[in-house]
Every structure is written in C-alpha cells, then in structure tokens.
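Topology and contacts: notes
The primary structure of each chain is shown beneath.
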Amino acid sequence: MMTEKQTAAEKIITDAMANPSPAKSMGDPGITPLSPSHIQQTDTDQVESQLSFVVVVAIDFGTTSSGYAYAFTKEPECIHTMRRWEGGDPGVSNQKTPTTILLTPDRKFHSFGYAARDFYHDLDPSESKHWLYLEKFKMKLHTTANLSIDTDLHAANGKRVKALDIFAYALAFFKEQALKELSDQTGGEFDNNDVRWVITVPAIWKMPAKQFMREAAYKSGLVSRENPEQLIIALEPEAASIYCRKLRLHQMVDLGTQTSQNGFNATDNVGSGMTQAKEHVRRNRQSRTFLVENVIGELWSELEEGDRYVVVDCGGGTVDLTVHQIRLPEGHLKELYKASGGPYGSIGIDYEFEKLLCKIFGQDFIDQFKIKRPAAWVDLMIAFESRKRAAAPDRTNPLNINLPFSFIDYYKKFRGHSVEHALRKSNVDFVKWSSQGMLRMNPDAMNSLFKPTIDHIIQHLTELFDKPEVSDIKFLFLVGGFAESPLLQHAVQNMLQGRSRIIIPHDVGLTILKGAVLFGLDPSVIKVRRSPLTYGVGVLNRFVEGKHPPEKLLVKDGTRWCTDVFDTFITADQSVALGEMVKRSYTPAKPSQQVIVIHVYCSEKESVGFISESGVRKCGTLRLDVSGTESTAPRREIQTLMQFGDTEIRAMAVDVSTGRTVKASIDFLSH
C-alpha cells in the first residue's frame, strides 16, 4: 500500500510545484487532524424531517418547453398536469408551454410562454426592437464555464440581461400560475407555505448550475432561505426513473417486442406504435389527471434485486444518461454510474437548420434578419419545429416550410434578388423553392439535420454500454420530448441490436414532470448517488522529510508542518447515501488560537494531495470563534461534518468541549 502512496505522492509533488501555497498567503494558523486514522463515520439512520405539506408542485423548467404538475399529499396517486395554455402551435401538442419570456422596454416582466411569443410577434418591428425577448436560455447554465450570480444572457435584440433575474421571473410566473390553479381547486386563497416545490435539472449539470437554480428560487419568492427544505432540486433522469417504475403495459410502447424477426426490420413498427400511443394520449389529455396506481407497474415486476436499467433523458438542450440498479424489498434506486451525457438535445437540429439557411442565403443576411426582424425569425423557427416533428426514417414525401413574407421581402431588399434566385444559385440541391412560397426539403435533407445530434447520442450510448458497470442492462427507458422522434428511436434500436428492451412511455414529454411530483411526495426513494466531485478541507500535517515537498514546509513555534494538505472527505464517483454525514476531528495547530478557520475545497479529480493543485477550488469557509472558552481536554477537538444532501452540501464545525457550532452551505457560485 505504501508504495502506491509514494508514487501518488511523487505525482502530487510535481503537480504541487505548479501553484504557490494558498495557505501561506492566507496566513491562517490552520488545523491538523487529531489522529492519523480518523475513521469515516456514516450515520445513515438519519431522521427524515417529515414536513407537513398539503401539496407537491413540480416545475419542469426545460430548454424548449416548461410546465408544472401537482398532487395533493392526501391523494398521492392523482397527478394533475397544469391547465391548458392559451395559444399553441399546429402540429405540436401543448401540454407544456414554450420556455420564452418577454420583458418590457424598461425591463419589467411582461409575459411567459405562448403569451410572450404571440405578443412579441404582434408588435410593430419599430417597437419590438426595444422589447427584450428570450428563448432557449436554460442552456447558458450548462455552457458557462465560470457561472456566477452575475452571469448575463442576451435577448433577441442583442441587449444583455442578468440570467438570475430571468430565471427568477420564470419561477415567479409558475408560482403564480400554480397557486392560482390550486386556489381555484380548493375554493380559497392557497398558502405557499403548504406547498413543497420541486424543480428538475439535468443530472449532468455541474454544481454551480444546480445552486444557481436554487438561488433563482429564493429570488423569485418560491421559497425563502430560512426554509430551504421546502424546495427539492430533483435530477431529471431520476424523476423519469421513478415514474417509469409505475408504468402499466398500456402506458408505454415496448420497442423490445418489435425487434427484427426473420430478417424483417422493425422500423415500420416504430412509427405505428408511437402513432397509437399519441392517439391514446390525445384521448386522455382532456382529463389532465393521471392515476398512478399504487402498485409497481407490470414491467417493473419483472425486475429482480440487482437488476440494472438505463434512463436516457433526451430533452431540448441536453441528453442525460443514468444507470440505476434496483434494491429490493422497497425497490429503492441506486445510481450505479455517475450521470453522463452532454448538450445533444433537440435544439441541435434547429442550429443545423440555421446553418443550412446561412449556406443558402448567407450568414450576413441571417444575422441581420434575426436582429432586424426578430419576430419573423421566431415565426420561421415555429414553422420548422412542426415539420421537424414530421421527420421519420421511412418518410418519402417532401417537407414544406413556410417562409414568412417579411423574410422574402427583406431578402430582396438586402440582396437585390429573390429568395428563389438564391435557392437556384446555391449548391444545396435537396432544398427547392415551391410555387406556394415555401422551402421544400426532401426527407434526406431533413434527416441530415438530425444526424449530428443523433450521432452524438449514439456515440455516448455506445461508450456507456462498453463500461464494465454497465453490463446486463435489462431495460432502456427513452424519455424526454426528443424521445418522440422516430429517427432517434430507430437509431437507438439499431445501436442496441436487441441487447436490452427499449421502453418509451406514452406521454414521454411529461414523464419527468410526473416523476418529479412522485419524488416530492417521497424523496427517500432515491437512496444512493455518485458524488460528482471530491471534497475535502485544507489542513496542516507534521512534515515528513522525503515524503512532503520542501516548499510546503512551514515552521511554527518550533514545529515543522507540511501546509496545503487536502484532507479528503469524499471522492468523486464515490457512492453517497442521501443525507449521509461524514465526520472528521481536527485540533488547532496552535493551541492559543481564538478563531478557527476551516476552508472546504472541491475538485473533479479523484485523488487530490494538496489544495494548491490545478483544478482545486475553494467552495466554503467555516469560521468557529472559540475565544473566551477554555478547552478541558489537553487538545481542543473540533469536529467537522459534511452532509451530502439532494444537490446541496452542508458543512458544520463543532467545538466538542463547549458545543459551539457553526454551519455553512457550500457555495459554488462565488469566485
């Protein structure tokens, strides 16, 4: 064991040379572990604080569309999805509303969803350029490397707005809508304190993005900082997983039963199965209330202890892959492999369409058109959206996309020749101009727009299935709005070659929403997660010649210390039980210290030796004032605890002799 440590230590030493000592520059007297072998204690028999909520409301804040659903704790088997929204698009079922937001020229909230889009669209171009319209802005949280409370977003007219304000406006809108609906249902003013809120986020989001969502919720008045438990941040694939357990056979399409037989391919079944499913959903949509029977679905009853399944959550912005294992008797879920995926959602197809338009009409024109006629651009993308949903592997007839009149008109002014001329001149032979004023795309052209995005997803799935932890997968659940795409279903089927059964819930776009409600009703169903990061605190260790790098030597009152040591609490990809506490005991390096400062650090690397290594960042500080108290023990014991919660991590330090305590939430957003 020692030899392994030594080689690791050598690597650490070279790595540590890269950065100067943070601890020396901070000048903190520091802490040192009390005993060399501090045993990790896990108090898993944690008391679940059962708070008394009347209703659980889940908000699915999506990249392209959003919605909410709720259930009363007295009738947990009844999940209600939100009221019908005004507006709606041809060819797009609107159980959710587009994630679009409109602010007035003086930056006040105006409207959200279809209402925002329609109002913006009806404004005169001279006026609309002063209004701030935003769509598909959720992706910014995933793509911004150093996300902070001050991160900006760009509105359609190019103006900047604070991301936190936009997210808070959107959550406040959902709060208002949901409380209004609950008040109408119960026949009186519904109190927000009776609601447990759940917001879903992609599992692959980094910690700052997850914390950002919570900060936006505080800002919007959804919950207060004083009651953080009133809000649960749920991971999208976990929510989907919880819902899929409840599925009955008539609530899903099992592509597994349609695999190729005697050389016939199953592609022709994919479409027909989904068409029937959509019809079934359409008939049931009038009710808006889903009965989740309090049994485990038939499919689930086939799963045995230790069985594994994959949830592939394909949304507008991201694709999330999670591997879960079943733990009986209660059927708790255990995350087997840390969430993976990436920005391969269906908006990738919109970008490809935009690239195609740039190729035909010129990037300069498209950029100009988007800024000068933003409402018409939105129109064009809506027209594309409904055609996008008509794409299928076996389609033979062309897809027509309506070009807005102002596109044709503006192009003529901009270039001096017609759109028709541009199409003839461009080398894009599979897009033609139809006499009715439409872009006519042959099916191959449409399928090629899907290809880059679907290739990414398939590549990721292939890599995942090659991992040793991911062998013997019984089911693959395909969920999220993009899962409705026959092209994607077909590609997944081809890749798996019958290795596991592909299950698609009927109401695939609402799977996450319903699962999030179930999660809010019983958060204990998820038992084990993988930690996305390594966490630890900075400590001083006794300096050992030959083991510690000389530049880390710090001499204090005649004692030789090694500074900047990263004392690990939990490593990346380690299994963590929800609510698990990890305890360590420390003592002040200098007995006369009045204030003890403990810095918490995190890193994406699994093994970290020093806090000065690259990729290690400070994410919390505990300051414990011990002045005016005498420690009875020869060495004062400071216990440090870290609790790994839903998406938050709480840290606490206790002075054992006096019982003084200080708490801190780990902060990923301040730099």
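Residues numbered from 1 in each chain as written. Predicted model: local features only at pLDDT ≥ 70, side-chain atom pairs only at ≥ 80, totals over all residues. Heavy atoms only, no water.

**Here's the deal with the overall build of the protein**
Looking only at helices and strands, the protein has 17 helices and 33 strands in total. Residues classed as buried in the protein amount to 56% of the 671 residues present. Counting only contacts in the protein whose residues sit at least 6 apart along the sequence, the fraction spanning at least 24 positions is 72%. (Helix = DSSP H or I, 4+ residues; strand = E, 2+ residues; numbered from the N terminus. Buried < 20%, exposed > 50% of the residue type's maximum accessible area, 1.4 Å probe, protein only. Contact = heavy atoms within 4.5 Å.)

**Details of unusual backbone geometry**
Within the chain, Arg107 stands out as a residue other than glycine whose phi angle is a positive 65 degrees. Inspection of the secondary structure assignment puts Arg107 in the loop between β6 (100-103) and β7 (109-112). Even without being glycine, Asp564 reaches a positive phi, approximately 65 degrees. Position of Asp564 among the secondary structure elements: in strand β26 (residues 559-570). Here Asp564 falls in the buried class, since its relative accessible area comes to 1%.

**Focus: the packing of helix α12 (residues 374-388) against helix α15 (residues 443-465)**
The geometry of α12 relative to α15 is characterised by a closest axis approach of 12 Å and an angle of 95 degrees between their N-to-C directions. Taken together, α12 and α15 sit at an angle that is classed as roughly perpendicular. In this structure, α12 contributes Phe384, Arg387 and Lys388 to the contact, and α15 contributes Met446, Leu449 and Phe450. Along the lines of polarity and charge, the residues of the contact of α12 with α15 split into four nonpolar, no polar and two charged. (Axes fitted to C-alpha atoms, helices over the stretch in contact; angles between N-to-C directions. Parallel < 35°, antiparallel > 145°, perpendicular 65-115°, else oblique. Nonpolar A, V, L, I, M, F, W, Y, C, P; charged D, E, K, R; others polar.)

**A closer look at the packing of aromatic side chains**
For the structure shown, the criterion picks out 28 aromatic pairs. For the pair Phe365 and Phe369, a centre-to-centre distance of 5.7 Å together with 25 degrees between the ring planes defines the contact as stacked. With Phe365 and Phe369 both in helix α11 (residues 363-372), this residue pair falls four residues apart, about one helical turn. Joined through ring pairs, the aromatic side chains of Phe361, Phe365, Phe369, Phe407, Tyr410, Tyr411 and Phe414 make up one cluster. Geometry around Trp561 places Arg542 over its ring, the cationic atom sitting 5.0 Å from the centre. Between the NZ or CZ atom of Arg584 and the centre of the ring of Phe569, over which it lies, the distance is 4.9 Å. (Phe/Tyr/Trp six-rings, centres within 6.5 Å; stacked < 30°, edge-to-face > 60°. Lys NZ or Arg CZ within 6 Å of the ring centre and 35° of its normal.)

**Some words on the sheet that holds strand β31 (residues 638-644)**
In space, the five strands of this open sheet follow the order β1-β28-β31-β32-β33, with antiparallel pairing throughout. Lying at the two open borders of the sheet, with one neighbouring strand each, are β1 (31-33) and β33 (660-665). Ignoring which end each strand starts from, the neighbouring axes of this sheet average 30 degrees apart. Two elements, strand β32 (residues 649-655) and β33, share six bridges in a ladder whose sense is antiparallel. (Pairing = 2+ DSSP bridges.)

**Considerations on the confidence of the model for the protein**
Of all residues in the protein, 83% attain a pLDDT of 70 or more, and the chain-wide mean is 81. No element of the protein has a lower mean pLDDT than helix α1 (residues 2-17), which averages 39, and none a higher one than β7, which averages 96. Note on residues 1-18: pLDDT under 50 across the span, and twelve contacts to partners over four residues away in sequence or across chains. With pLDDT under 50 throughout, residues 36-49 is counted as low confidence; its partners more than four residues away or in other chains account for 22 contacts. (pLDDT = per-residue confidence, 0-100.)

**Describing the pattern of salt bridges**
Following the criterion strictly, the structure yields 23 salt bridges and no others. The closest approach of N and O atoms between Glu236 and Lys138, which form a salt bridge, is 3.1 Å. Here Glu236, found in helix α8 (residues 236-244), pairs with Lys138, found in the loop between β8 (132-135) and α5 (139-143); they are 98 residues apart in sequence, far enough to count as distant. The exposure class assigned to Glu236 is buried, which follows from its relative accessible area of 7%. Notably, a salt bridge pairs Lys451 with Asp455, separated by 2.7 Å at the nearest N-O pair. (Salt bridge = Lys/Arg side-chain N within 4 Å of Asp/Glu carboxyl O.)

**Some words on α11**
Each α-helix winds once per 3.6 residues, and so residues spaced three or four apart point in a common direction. Residues of α11 that are buried: Phe365, Ile366 and Phe369. Each buried residue of α11 sits inside an arc of 95 degrees when the element is viewed along its axis, so together they form one side. (Arc of directions from axis to C-beta.)

**Observations regarding the sheet that holds β6**
Strand order in the open sheet made by the three strands is β7-β6-β8, with antiparallel pairing throughout. The open sheet has two edge strands with one neighbour each: β7 and β8. Taken pair by pair, the neighbouring strands of this sheet meet at an average axis angle of 20 degrees, ignoring direction. Two elements, β6 and β7, share three bridges in a ladder whose sense is antiparallel. Bridging across to β7, Leu103 finds its partner in Phe109.

**Quick word on the packing of helix α10 (residues 347-361) against α12**
Where α10 meets α12, the axes come as close as 11 Å, and the angle between the chain directions of the two elements is 120 degrees. In terms of orientation, α10 lies oblique with respect to α12. Considering how the two elements wind past one another, α10 and α12 form a crossing that is right-handed. Side by side, α10 and α12 meet where Ile349, Asp350, Phe353, Glu354 and Leu357 of the first sit next to Trp377, Leu380, Met381, Phe384, Glu385 and Lys388 of the second. A per-class count over the contact of α10 with α12 returns seven nonpolar, no polar and four charged. (Left-handed = near helix turned anticlockwise from the far one by under 90°.)

**As for α15**
With 23 residues, α15 should reach 33 Å at 1.5 Å per residue; the first-to-last C-alpha distance of 31 Å fits that figure. Maximum bend of α15: about 40 degrees, positioned at Lys451, with proline Pro452 one to four residues after it. (Expected span 1.5 Å × (residues − 1). Bend = angle between axes of the 7 residues up to and from the residue.)

**A look at the side chain of Glu613**
Within the secondary structure, Glu613 is located in the loop between β29 (595-603) and β30 (617-625). Using a relative accessible area of 2% as the deciding quantity, one classes Glu613 as buried. One polar contact links the side chain of Glu613 to the main-chain amide nitrogen of Phe610, over a distance of 2.8 Å. (Polar contact = N/O pair within 3.5 Å; in protein donor to acceptor, adjacent residues only side chain to side chain.)

**Brief notes about the state of the cysteines**
The final tally for this structure, using the stated rule, is zero disulfides. Residue Cys619 stays outside any disulfide, its sulfur separated by 3.7 Å from that of Cys602, the closest cysteine. (Disulfide = S-S within 2.5 Å.)

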